[in-house]
Amino acid sequence: MLATDNAVIPYAVGVDIGCRMALSVFALPPKFLSQRVQELQKLLLDNTRFGNRTGFDRGKKLGHEVLESDTFQAVPFLRNKQATAAEQIGTSGSGNHFVEFGVVDITDPTNEMGLAVGQYVGLLSHSGSRGLGASVANHYTKLAMENCQLPNEAKHLAWLGLDSELGQEYWAAMTLAGDFASACHHQIHHRLAKALGERPLAKVENHHNFAWKERMADGREVIVHRKGATPAGRGVLGIIPGSMTAPGFIVRGRGVAESLGSASHGAGRLMSRTRAKQELGEAQVRQYLRDHDVVLQGGGVDEAPMAYKDIHAVMQSQQELVDVLGSFTPKIVRMDGA
Ligand SMILES: Nc1nc2c(ncn2[C@@H]2O[C@H](COP(=O)(O)O)[C@@H](O)[C@H]2O)c(=O)[nH]1
Ligand SMILES: [Mn+2]
């Protein structure tokens, strides 16, 4: 994370603007998952689309107000981006982007979601703003570097002043990309809730690659950039995932100023993708998933759960930043490649 005064650093927001987590909690018991594994795998296959393959067929597409946003016309760079956005809405990315069913365990009776302590079925998704956000990020990072020339080792910190036309354009485009990412998750959850015949009891969602205008303790307004960080302002709810075989945590921020009101956005990688491919075998990963009672569609060894750090150690080291309200343990996972 970093905070700036009246300026935004496109690279510090990240290439996948609005990459985020979204969790829906359903009034279903955990045994619903173990009793209907194949049915739920099919629901995931039918109602999600991943990677660069085509989106939903014409008759299966859902509309969304984000596609009608004036920003597509107001920002010249976005004028030809509407069609791709309409094609990709409701889809997920590749790599470690996922949609999964799992067990939600609510442990704090004072949780703001109004959920009783106990276990539920949850649906968790992780993805970002697809091609729209990537094109915005690349375009304005390049412009920032041209307009704000820094020594080579600091070039990624190139910024756009928020009083400048370019800065305003980026802010509007970033906001649109964030709204688009959010709309993609909402469509995923809408389709799957409908297929389950359920309405969620509660939802928790947060961007982890974005910039926000926030106020510091001394009253100054700053631009807080979080690239791979969960917003954890006082009372702000978020979800910090672990891995495919480890729980994630539903958290309430404690608003710690020293961390700019932020917490980690996950366990983080223990092995690079290259190292995971070199050191882990497919059979070994399959056995590991079986041992943890997790079924996976798609995915590759580079995204194996063993490639991630121990989420419990990560949570231990950020106890001062967030309160834990409950957990989410994945059971039926879909990633790109299925
Ligand atoms: N619940 C799951 N969590 C997972 C899985 N694979 C990775 N992860 C966690 O998500 C974050 C996301 O990191 P990002 O930098 O790519 O945004 C990662 O740090 C892991 O903790 C999974 O399959 N299921
Ligand atoms: Mn992410």
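The rules we used
Residues numbered from 1 in each chain as written. Chains lettered and ligands numbered in written order. Predicted model: local features only at pLDDT ≥ 70, side-chain atom pairs only at ≥ 80, totals over all residues. Heavy atoms only, no water. Helix = DSSP H or I, 4+ residues; strand = E, 2+ residues; numbered from the N terminus. Contact = heavy atoms within 4.5 Å. Lys, Arg positive; Asp, Glu negative; His and termini not counted. Charge placed at Lys NZ, Arg CZ, Asp CG, Glu CD. Pairing = 2+ DSSP bridges. Axes fitted to C-alpha atoms, helices over the stretch in contact; angles between N-to-C directions. Expected span 1.5 Å × (residues − 1). Buried < 20%, exposed > 50% of the residue type's maximum accessible area, 1.4 Å probe, protein only. Near = heavy atom within 4 Å. Polar contact = N/O pair within 3.5 Å; in protein donor to acceptor, adjacent residues only side chain to side chain. Areas by Shrake-Rupley, 256 points an atom, 1.4 Å probe, with all protein chains shown as cover. Nonpolar A, V, L, I, M, F, W, Y, C, P; charged D, E, K, R; others polar.

(A) Inspection of the overall build of the chain at higher detail. From N to C terminus, the chain includes 10 helices and 15 strands. Put simply, 79% of the contacts in the chain that link residues at least 6 apart link residues at least 24 apart. Separation between the mean location of the 35 positive side-chain charges and that of the 35 negative ones in the chain comes to 6 Å.

(B) Looking closely at the sheet that holds strand S9 (residues 221-227). A sheet is described by the order of its strands in space; here three strands give the open sequence S1-S9-S8, paired in antiparallel fashion. The open sheet is flanked by strand S1 (2-4) and strand S8 (209-215), the only strands paired with a single partner. Taken over all neighbouring pairs, the strand axes of this sheet differ in orientation by 25° on average, direction set aside. Sheet analysis places S8 next to S9, joined by seven bridges and oriented antiparallel. Paired with phenylalanine 210 across the bridge in S9 is arginine 226. The strands touched by helix H7 (residues 165-196) within the sheet are S8 and S9, with S8 carrying the most contacts at an inclination of about 115°.

(C) Looking closely at H7. For H7, spanning 32 residues, the distance from its first C-alpha to its last is 47 Å, which sits close to the expected 46 Å at 1.5 Å a residue. One or two positions beyond H7, positive phi appears at glycine 197, with a value near 75°.

(D) Expanded view of unusual backbone geometry. The phi torsion at arginine 130 lies on the positive side, around 55°, for a residue other than glycine. The class of arginine 130 is buried, set by a relative accessible area of 12%. One non-glycine residue, leucine 260, adopts positive backbone phi at about 50°. Looking at the secondary structure, you find leucine 260 in the loop between strand S12 (248-253) and strand S13 (262-264).

(E) Molecular detail of the pairing of strand S5 (residues 118-127). Taking burial as the measure, the 10 residues of S5 include eight buried ones, the bulk of the element. The pairing of strand S3 (residues 20-26) with S5 spans seven bridges and is antiparallel. Bridging across to S5, phenylalanine 26 finds its partner in valine 121. Sheet analysis places strand S4 (residues 98-106) next to S5, joined by nine bridges and oriented antiparallel. If you follow valine 99 over to S5, its bridge partner there is serine 125.

(F) Just the site of ligand 1, in detail. For ligand 1, the set of nearby residues contains 18 residues, the closest of which are Asn96, Glu100, Gly242, His265 and Ala267. With respect to ligand 1, the side chain of glutamate 100 contributes an N or O atom lying 2.5 Å from a nitrogen atom. Burial of ligand 1 by the surrounding chains reaches 89%, relative to a free accessible area of 520 Å². Secondary structure elements with two or more residues in the shell around ligand 1: S4, S5 and strand S15 (322-335). Here the shell around ligand 1 is built from residues that sort into nine nonpolar, eight polar and one charged.

Keep in mind that these numbers describe shape and distance, not what the molecule does.
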